[in-house]
Amino acid sequence: MIEDYIIPILVITVIILSQALKMVKEYERVVIFRLGRLSGVKGPGLFLIIPIIDSVVKIDLRVVTIDVPKQAVITKDNVTIAVDAVVYYKVIKPAAAVTEVENYKFATAMLSQTTLRDVIGQIELDDVLSERETINKDIQELLDVSTDPWGIKVAAVTLRDVSIDETMLRAIAKQAEAEREKRARIILSEGEFLAAEKMKQAAQLYQDVPAALKLRELQTIAEVAREKNLIVISNSTNTAEIAALSKAFEKK
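Residues numbered from 1 in each chain as written. Predicted model: local features only at pLDDT ≥ 70, side-chain atom pairs only at ≥ 80, totals over all residues. Heavy atoms only, no water.

### Quick notes on a nonpolar patch on the surface
On the surface, a cluster of nonpolar side chains totalling about 470 Å² of accessible area is made up of Ile6, Ile7, Leu10, Val11 and Ile15. Along the chain, Val11 falls in helix H1 (residues 3–20). (Patch = residues over 30% accessible without salt bridge, like charges linked within 9 Å, V, L, I, M, F, W, Y side chains within 5 Å. Areas by Shrake-Rupley, 256 points an atom, 1.4 Å probe, with all protein chains shown as cover. Salt bridge = Lys/Arg side-chain N within 4 Å of Asp/Glu carboxyl O. Helix = DSSP H or I, 4+ residues; strand = E, 2+ residues; numbered from the N terminus.)

### Looking at the side chain of Glu28
Residue position: Glu28 is located in strand S2 (residues 28–34). Non-local contacts of Glu28, meaning those with residues more than four positions away in its chain, are made with Pro44, Lys58 and Ile59. (Contact = heavy atoms within 4.5 Å.)

### A short note on unusual backbone geometry
Residues Gly43 and Pro44 are joined by a peptide bond in cis, for which omega reads 0°. Summarising the element assignment, Pro44 is placed in the loop between strand S3 (37–42) and strand S4 (45–48). Backbone geometry places Ile52, a non-glycine residue, at a positive phi of 70°. With respect to the secondary-structure elements, Ile52 resides in the loop between S4 and strand S5 (54–60). Within the chain, Asn78 stands out as a residue other than glycine whose phi angle is a positive 60°. Topologically, Asn78 is positioned in the loop between strand S6 (64–74) and strand S7 (80–91).

### Quick word on the environment of Val64
Considering the arrangement of structural elements, one finds Val64 in strand S6. It is 9.6 Å that separates the C-alpha atoms of Val64 and Ala155, two residues lying 91 residues apart in sequence. Non-local contacts of Val64, meaning those with residues more than four positions away in its chain, are made with Val87, Tyr88 and Tyr89.

### Some words on the environment of Arg62
Turning to its location among the elements, Arg62 is positioned in the loop between S5 and S6. A sequence separation of 29 residues divides Arg62 from Val91, and the C-alpha atoms of the two residues are 7.4 Å apart. Among residues more than four places away in sequence, those in contact with Arg62 are Tyr27, Tyr89 and Lys90. Among the polar contacts made by the side chain of Arg62, one reaches the side chain of Asp60 at a distance of 2.8 Å. (Polar contact = N/O pair within 3.5 Å; in protein donor to acceptor, adjacent residues only side chain to side chain.)

Here you go:
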């Protein structure tokens, strides 16, 4: 008689154990609710629950990547651009991720889009193009603060692409060209200023030391005299010497 109940008992036991025995992987955790109340977090490995009474929600602890679609944003200097980004985050508190927000993945994705628009909207176009690292850090910090009550850690944010209208691209090219021309003129002016300063110093030296001016004159004469078909006349040459030199040159 008892033997008739052994098989049904074994079957019921196997069914209960199959429902009570759970296993999760190293990168997973299970949030357990007992009669609707938070009971705790289990994992990794094997653990037991009470069938029917306990309900479980599995959470993945690995880093999740969000591809933020292009957002049309008006910058601080009233330029319309399209910006997209990539957000990396992970769950560090499984219980909070389940109890504090309905769908933490959707909420984080929507928050990433609004935060991206808010941050870019407070920056001028030149800073958006040149200060990407700073912008990435600002967005990451804002997202991290906002998602912390949900048990989420935002690891990194990366701006992927900034699209600008063709008309604005031409305006930026003209601005860059004007900037380069301005720098070239400044460098040229600085060179002329330095040359004038040196000439002023040389003139002052010649005024203070007349012999230096005479030596410079003789050096110039020596350089010019290399051309043998020239007559060099200095302020120390009189008229008779000039006539004699001219006559000798003609005979030669």
